Amino acid sequence: FSTSAAGIFAVGDINTYPGKRKLIVSGFHEATLAAFGAAAFLRPEQKVALEYTTASPRLHRLLGV
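Residue indices follow the written sequence of each chain, beginning from 1 at its first position. Only residues with pLDDT of 70 or above have their local features reported here, since the model is predicted, and side-chain atom pairs are shown and tallied only from 80 upward, although totals for entire chains, interfaces and linings are computed over all residues. Side-chain numbers here rest on the full set of heavy atoms in the structure, without hydrogens or water.

Engineer: Teacher, can you tell me more about helix α1 (residues 24-42) here?
Structural biologist: Spacing of three or four residues puts side chains on the same side of an α-helix, whose turn is 3.6 residues. Where helices and strands are cited, they refer to DSSP runs of H or I of at least four residues and of E of at least two residues respectively, numbered from the N terminus. Expected span of a helix: the number of residues minus one, times 1.5 Å. Relative to the 27 Å expected for 19 residues at 1.5 Å per residue, α1 spans 27 Å between its end C-alpha atoms, a close match to the ideal helical length. Using a 1.4 Å probe on the protein chains alone, a residue whose accessible area is under 20% of its type maximum counts as buried, one over 50% counts as exposed, and one in between counts as partly exposed. Among the residues of α1, Ser-26, Glu-30 and Ala-34 are the ones counted as buried. Buried positions in α1, seen along its axis, are confined to an arc of 65° and lie on one side of it. Away from the buried face of α1 by more than 90 degrees, exposed residues Ile-24, Val-25, Phe-28 and Leu-42 are located. Taken from the helix axis, the directions to the C-beta atoms give the arc we talk about.

See the structure below:
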């Protein structure tokens, strides 16, 4: 979801690609992918960890659950 300008990402109605569905759930998906793209852009040497709040002990500690 990067744009032609380095470091700029787009999601939602402004973004278009083949097969896109204009659904709010698509925007959530796009935002997640854009966040991963931005993280890789900002810190290319660092792997982005994918954690789920339902299964991550680290996130449980941070959230106090």
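Engineer: In this structure, what is going on with the packing of aromatic side chains? I would like to understand it.
Structural biologist: Each aromatic ring pair is characterised by the separation of its centres together with the angle its planes make. Two rings from Phe, Tyr or Trp (for Trp, the six-membered ring) form a pair when their centres are within 6.5 Å of each other. A pair whose planes differ by under 30 degrees is stacked, one over 60 is edge-to-face, and the rest are tilted. For the structure shown, the criterion picks out one aromatic pair. With 5.7 Å between their ring centres and 80° between their planes, Phe-1 and Tyr-17 make a pair best called edge-to-face. Of this pair, Phe-1 sits in the segment before α1 while Tyr-17 sits in the segment before α1, and the two are 16 residues apart along the sequence. By relative accessible area, Phe-1 is classed as partly exposed at 28%.

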